[in-house]
Number of protein chains: 2
Amino acid sequence: MLDIYFILLLTVMIKNRDFIMMMMMYKTIMMVNNKAVSGGLEWRVRVADGSSSAVLVPESGIFERIWQGIIGLVFGIIRKVRNFFAKAWDVGVDDPRKIMHCLKVGVALTVVSLFYYMRPLYQGVGGNAMWAVLTVVVIFEYTVGATLCKSLNRATGTFLAGALAVGVHWVASQSGERFEPIILRSSVFILATSATFSRFIPVVKARFDYGAMIFILTFSLVAISGYRVDNLFNLAQERLSTIVIGGSMCLLVSMFICPIWAGQDLHFLVARNMEKMANSLDGCVAEYFKDSESDEESRKNFQGYKCVLNSKATEEALANFARWEPAHGNFSFRHPWKQYLKIGASLRSCAYCIEALNGCINSEILAPEFIKEHLSGVSTRLASHSSTVLKELAHITKTMRRSSTLDFAIEDMKSAVEDLHDALKSLPSQLEVDEKKTDPITQPTSIPLIEVLPLITASSLMVEITTRIERTIVVVNELASLAKFKPVKDKKTKQSKVTNKNRPDQGQDTIKTLQMV
Amino acid sequence: MLDIYFILLLTVMIKNRDFIMMMMMYKTIMMVNNKAVSGGLEWRVRVADGSSSAVLVPESGIFERIWQGIIGLVFGIIRKVRNFFAKAWDVGVDDPRKIMHCLKVGVALTVVSLFYYMRPLYQGVGGNAMWAVLTVVVIFEYTVGATLCKSLNRATGTFLAGALAVGVHWVASQSGERFEPIILRSSVFILATSATFSRFIPVVKARFDYGAMIFILTFSLVAISGYRVDNLFNLAQERLSTIVIGGSMCLLVSMFICPIWAGQDLHFLVARNMEKMANSLDGCVAEYFKDSESDEESRKNFQGYKCVLNSKATEEALANFARWEPAHGNFSFRHPWKQYLKIGASLRSCAYCIEALNGCINSEILAPEFIKEHLSGVSTRLASHSSTVLKELAHITKTMRRSSTLDFAIEDMKSAVEDLHDALKSLPSQLEVDEKKTDPITQPTSIPLIEVLPLITASSLMVEITTRIERTIVVVNELASLAKFKPVKDKKTKQSKVTNKNRPDQGQDTIKTLQMV
């Protein structure tokens, strides 16, 4: 229904009043038609002079059905187009850098096409200027790393294949007119086959896939054209120079106009994933122990771990492109991008546990209220401390600066684990005591385990998550030392370090004292 | 060390004896050098006449260091090359279809290059024959679906862009010499920008990404060339016809010489993943309750779930390509490929639980031996029944034939879950009884929960896995009805159906009886 009104509104805007009338009529007819079918309603037309009345029986002929079909089709198409533009709008609003990227592509293409429009430039590179246009369209990617990877691959592939093709062509031309086509054709077959095969090898696939394709392409083109074009060397050289022009144009635009670095994206993606995990953990436990229904916002928050589950491919692609990028921002050329993949993997292993924990959430809690309360406090505290650690790790990663509060947060988390252990240890005896209190006549019986099972499983999974977070801490620390994260600047921490040195065996106490301060 | 011997062996094979001598000398020198450095050893050379002896102090000059560096580099390169070829060999041995694919690419390229070599054909398509070669290199993909997707995208993109470019060119040529370049340039900018943006929209990205790129490419080329090439219509038409030649060549070779169907690959991938999950489940539980160390083979088997965790991207790509493929084998054109993605997702949700279960395996079992035994039997039985269900599902999916034994397997699994529940229910009381037996003097105390915690968590996860397997059963059944899987042929099942009809309220008993039969 809303669709129809939307269409009508649209139609008003384009001032096609006949169409509106038609649509309204159609709508009224359809509504009455429905009634007619269901209630056996008839239309009576009273002619102006009142002399006669005719009964119009609702007719569902072929014409009407076709008309309905056409209307349905038009509406369907309009709805699809509307959805499409709505999605497009969302894409643009979510990340305005994407719009910037599109403008950059337009700029690069327009500049390169100048080679065609301006006569002096045109004469310089000849009719092969189209290769420059082609290069821009094909290699201009979203991130600088991807563009660099593709352009280097393209240049190297073209150069190698061109050189090889010229060599093969020379050999072929030396071996007489009879063998020339045979040598050329078999060389194309052999090289195309082996280069295609190389694309299946993981190392090549990850880094040089595009280069291998361009190698096959250029070799085939040059080797085959060699049979016709006399000035072969010029062809190869012109092709290479136009590719260099197109490639350098892309790189210039990509690196100097609002650059989008794959490395930076990876960096923030991993940090954001840590934050999402922290929120999920908080949300998950809150959801479990809370009686009231959760609102939309918190539900959305605690589903964040699903992003982490599915981010492997993105992380790998970004890490692969990041290694091609020059130094930018806080990242040197040899920034340990691979370490981010390790962090990502360890975050995912946490996320698997949260997923399993999520399964427990959906099962009903049968345990008595006092046990639930007994465990809910420690569990919530453990979750909150674990998520603090994760947030701290996210902060360290994001700012690339070691934190003075991480150690405290870890200590808190560990003590929360101990508390949960204690709570679980004391559980059976406590149950008996409570039962005795409520009903002193009965013998001390323990509550069947099955009732507290989901609760215990959830607690146990929480502990497992903590273990996995500890592994994440290790890999983040590795990153901190590999990438030489800046040391802590905080004065308090320096003090604490001095204090720690003076009392090496009381380090933990110091930490606790400092925390209170 | 082994590397050096390998190199020596290689060298023998190429009969370069001087090189061997050199290498051996080098090796001896290196070994002695190491000794010399560590133990202060000296070399004494006794000259033939015995009159004098000179002490040779080990020298580590610049020359030697450079020499060592070069040797190290050469070895490094040789090792890398060797590894590379070893990997390539593995790729070929693992899947010989890949080699077939390479040969197919070679064949297609050779055939297309005939257009260049044969004069009559060459005159037909003109100098644009290179576009046919280019098309073959660019669109020939591993699976038929991917090739079809790319070729249709390329043809459509080229056609649309060509038509639009000719239109724009006509408008530009009508608007005077002054406005012509402005119109052309701004049209390139606007269309390139908007087409690039469309590539970010998920729907377009999944299916028409390549088409959008080709659209930009062709439009830019035709619009820009239009400024120079007089016979613009011919250019567009020739480009399209060569692309059609190249594309149809690819399709012919790809579909009629050992075709590799994306749909079939997806089908078997999902079925194989179910089998891997079944093996993992078996292996995981066996590993947990078994005292002895597991061997390499079983460890490899039970890591199979990791493949399932990481197969999302592959499944999505295959499903995306499969929808382009014509009917092949048992699959019709409108085979419900999307359903496989649902199955994949539900398998992954099982795999997450197995991952969490895997975490429990690594923690030590503190529980007393008798509790472990008490639970190990039921757990192993549940795991084995669950894996039977998964194997049965894999069989159904693979053969596309409904199974008569699936229902029995599900019943078994459900009763195993009940047994595990009972075992857990009886746990606390049993503990007390046993304790009393062993030590009759003490009061009946229950064992602290913490000791049985990992065991209970593992059991609870097993139950959760069963729940998720049940969801998998639902989606597989949906696939069976959507894809119209063949009915059961077994005579026994028909009998059982008849029996079931007669005694609708005793269905479960019938199943059990039939199972015994």
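Residues numbered from 1 in each chain as written. Chains lettered and ligands numbered in written order. Predicted model: local features only at pLDDT ≥ 70, side-chain atom pairs only at ≥ 80, totals over all residues. Heavy atoms only, no water.

An unreviewed UniProt entry lists chain A under the name Aluminum-activated malate transporter, from Thalictrum thalictroides. Under the Sequence similarities (unreviewed entry) heading, UniProt states for chain A: "Belongs to the aromatic acid exporter (TC 2.A.85) family." (UniProt positions renumbered as here; feature names shortened; annotations may be inferred.)

Trainee: What is the right way to read the overall build of chain A from this model?
Mentor: When you go through chain A residue by residue, the secondary structure sums to 21 helices and two strands. The contacts of chain A with a sequence gap of at least 6 include a subset with a gap of at least 24, amounting to 76%. When the accessible surface of chain A is totalled, it reaches about 26,900 Å², and 62% of it is carbon and sulfur. (Helix = DSSP H or I, 4+ residues; strand = E, 2+ residues; numbered from the N terminus. Contact = heavy atoms within 4.5 Å. Areas by Shrake-Rupley, 256 points an atom, 1.4 Å probe, with all protein chains shown as cover.)

Trainee: So what exactly am I meant to see when it comes to the UniProt feature "transmembrane region" (unreviewed entry) in chain A here?
Mentor: Residue and element names in this part refer to chain A. Residues annotated in UniProt with the feature "transmembrane region" (unreviewed entry) correspond here to residues 6-26, 99-117, 129-149, 156-176, 182-201, 208-228 and 240-262. Here residues 129-149 runs as 81% helix and 0% strand, with 22 Å between its end C-alpha atoms. Counting secondary structure, residues 156-176 comes out at 95% helix and 0% strand; the distance between its end C-alpha atoms is 31 Å.

Trainee: What's the story with the packing of aromatic side chains in this structure? I'm lost.
Mentor: How two aromatic rings sit relative to each other is given by the distance of their centres and the angle of their planes. All names here are of chain A. As enumerated under the stated definition, the model contains 13 aromatic pairs over all chains in all. Each member of the aromatic cluster is reached from another via a ring pair, and the members are Phe331, Trp337 and Tyr340. If you follow Lys150 out to its NZ or CZ, it ends over the ring of Tyr210, 4.8 Å from the centre. The ring of Phe179 has Arg178 sitting right over it, with the charged end atom 5.9 Å from the ring centre. (Phe/Tyr/Trp six-rings, centres within 6.5 Å; stacked < 30°, edge-to-face > 60°. Lys NZ or Arg CZ within 6 Å of the ring centre and 35° of its normal.)

Trainee: What am I meant to see in the interface of chain B and chain A here?
Mentor: It is common to report an interface's size as the accessible area lost on association of the parts. On the chain A side, the residues contacting the 79 residues of chain B number 79 residues. Counting each side, the surface lost to burial between chain B and chain A is near 7,400 Å², with a carbon and sulfur contribution of 76%. Put simply, chain B and chain A have two salt bridges between them. Its salt-bridge partner being Arg468(B), residue Glu355(A) comes within 2.5 Å of it at the nearest N-O pair. Summed over the shared surface of chain B and chain A, the number is four residue pairs in polar contact (both at pLDDT 80 or more). (Buried area = accessible area lost by both parts, 1.4 Å probe. Salt bridge = Lys/Arg side-chain N within 4 Å of Asp/Glu carboxyl O. Polar contact = N/O pair within 3.5 Å; in protein donor to acceptor, adjacent residues only side chain to side chain.)

Trainee: So what exactly am I meant to see when it comes to a nonpolar patch on the surface here?
Mentor: Residue and element names in this part refer to chain B. On the surface, a nonpolar cluster with roughly 620 Å² of combined accessible area is contributed by Ile62, Phe63, Ile66, Trp67, Ile70 and Val74. For Trp67, the position within the fold is in helix H3 (residues 62-94). Here Trp67 falls in the partly exposed class, since its relative accessible area comes to 30%. (Patch = residues over 30% accessible without salt bridge, like charges linked within 9 Å, V, L, I, M, F, W, Y side chains within 5 Å. Buried < 20%, exposed > 50% of the residue type's maximum accessible area, 1.4 Å probe, protein only.)

Trainee: How should I be thinking about unusual backbone geometry in this particular structure?
Mentor: Glycine aside, negative phi is the norm for most residues, and most peptide bonds take the trans geometry. Positive phi is not limited to glycine here, since Cys258(A) has a value of about 40°. Considering the arrangement of structural elements, one finds Cys258(A) in the loop between helix H10 (232-256) and helix H11 (262-289). If you check the backbone angles, Lys484(B) has positive phi at about 50° while not being a glycine. Structurally, Lys484(B) can be placed in the loop between helix H19 (449-482) and helix H20 (491-502). Taking the relative accessible area as the measure of exposure, Lys484(B) reaches 68% and is therefore exposed.

Trainee: How do you make sense of the relation of the copies chain B and chain A when you look at a structure like this?
Mentor: Think of it as a corkscrew move, a rotation about one axis and a shift along it, taking one chain copy to the other. The two copies are related by a screw operation: chain B maps onto chain A through 180° of rotation and 0.0 Å of translation along the axis, at an RMSD of 0.1 Å. With respect to symmetry, the two chain copies, as superposed, fit the operation of a two-fold axis. Counting the interface residues of chain B, we find that 100% of their copies in chain A are interface residues as well, pointing to one common contact surface. (Least-squares fit on C-alpha atoms with pLDDT ≥ 70 in both.)

Trainee: Please clarify how the nonpolar core should be interpreted in this entry.
Mentor: If you look at the biggest cluster of nonpolar residues, it comprises 140 residues, and the most contacted ones within it are Met277(A), Val389(A), Ile469(A), Met277(B), Val389(B) and Ile469(B). When neighbours within four sequence positions are excluded, Ile469(A) is seen to be in contact with Leu281(A), Cys350(A), Ser386(A), Val389(A), Leu390(A) and Met413(A). Counting residues in each nonpolar core, the second largest holds 72 residues, with Ala132(B), Val138(B), Leu217(B) and Ala223(B) among its members. (Core = buried A, V, L, I, M, F, W, Y, C linked by side-chain atoms within 4.5 Å.)

Trainee: How do you make sense of the packing of helix H8 (residues 176-198) of chain A against helix H9 (residues 202-225) of chain A when you look at a structure like this?
Mentor: Describing two packed helices takes the angle between their axes plus the distance from one axis to the other. Residues and elements named next belong to chain A. At a minimum axis distance of 9 Å, the contact between H8 and H9 shows a crossing angle of 170°. Comparing their axes, H9 and H8 come out roughly antiparallel. Here Leu184, Ser187, Val188, Leu191, Ala192, Ala195, Thr196 and Ser198 of H8 lie close against H9, whose contacting residues are Val204, Ala212, Phe215, Ile216, Phe219, Ser220 and Ala223. Counted by class, the contact of H8 with H9 contains 11 nonpolar, four polar and no charged residues. (Axes fitted to C-alpha atoms, helices over the stretch in contact; angles between N-to-C directions. Parallel < 35°, antiparallel > 145°, perpendicular 65-115°, else oblique. Nonpolar A, V, L, I, M, F, W, Y, C, P; charged D, E, K, R; others polar.)

Trainee: Would you mind showing me how to read empty space enclosed by the protein here?
Mentor: Gaps left between atoms show up when a probe the size of a water molecule is rolled over them. All names here are of chain B. Per the stated rule, a full pass over the model turns up five cavities of 30 Å³ or more. What the second largest cavity holds in volume is close to 60 Å³. Along its surface, the second largest cavity is lined by Cys284, Val285, Tyr288, Phe289, Leu357, Ser379, Leu455, Ala458, Ser459 and Met462. Contributing elements (two or more residues each) for the lining of the second largest cavity: helix H11 (262-289) and H19. (1 Å grid on protein atoms, 1.4 Å probe; cavity = no way out; pocket = protein on both sides within 12 Å on 5 of 7 lines; lining within 4 Å. Points joined across faces, edges and corners; volume = space filled by probe spheres on them.)

Trainee: Honestly, the domain arrangement of chain A in this entry has me stumped. Any pointers?
Mentor: Residue and element names in this part refer to chain A. What the domain assignment lists for chain A is domain 1 (104-256) and domain 2 (262-431 + 450-483). Across the boundary between the two partners, domain 1 contributes 11 residues, which contact seven residues of domain 2. Both sides together, the interface formed by domain 1 and domain 2 hides about 840 Å², and carbon and sulfur atoms give 71% of it. In terms of surface lost to domain 2, no three residues of domain 1 exceed Thr143, Cys149 and Arg207, which account for 41% of the buried area on that side. Viewed at the interface, domain 2 and domain 1 are joined by two residue pairs in polar contact (both at pLDDT 80 or more). For the side of domain 1 that touches domain 2, the secondary-structure elements that each account for two or more residues are helix H7 (144-174) and H9. It is H7 that contributes the most residues to the side of domain 1 that touches domain 2, six residues altogether. Grouping the constituent residues of the side of domain 1 that touches domain 2 by class yields eight nonpolar, two polar and one charged. (Domains from an automatic or database assignment.)

Trainee: Sorry, what's going on with the pattern of salt bridges here?
Mentor: Working definition: two side chains of opposite charge can pair if their charged atoms are close together. All names here are of chain B. Applying the stated criterion across every chain yields a total of 22 salt bridges over all chains. The partner of Asp282 in a salt bridge is Lys391, with the nearest N and O atoms 3.7 Å apart. One end of the pair, Asp282, is in helix H11; the other, Lys391, is in helix H16 (residues 369-399), and 109 residues separate them in sequence. With a closest N to O distance of 2.0 Å, Arg381 and Asp419 form a salt bridge. One end of the pair, Arg381, is in helix H16; the other, Asp419, is in helix H17 (residues 406-425), and 38 residues separate them in sequence. Classification of Asp419 as partly exposed rests on a relative accessible area of 27%.

Trainee: Help me understand the packing of helix H7 (residues 144-174) of chain B against helix H9 (residues 202-225) of chain B, please; the structure alone is not making it clear to me.
Mentor: Residues and elements named next belong to chain B. Interhelical geometry of H7 versus H9 gives an angle of 35° and a closest axis separation of 7 Å. Here the hand of the crossing between H7 and H9 comes out right-handed. Residue-level inspection shows Cys149, Lys150, Asn153, Arg154, Gly157, Thr158, Leu160, Ala161, Gly162, Leu164, Ala165 and Val168 of H7 in contact with H9, the latter providing Arg207, Phe208, Tyr210, Gly211, Ile214, Phe215, Thr218, Phe219, Val222 and Ala223. For the contact of H7 with H9, the residue count by class is 13 nonpolar, six polar and three charged. (Left-handed = near helix turned anticlockwise from the far one by under 90°.)

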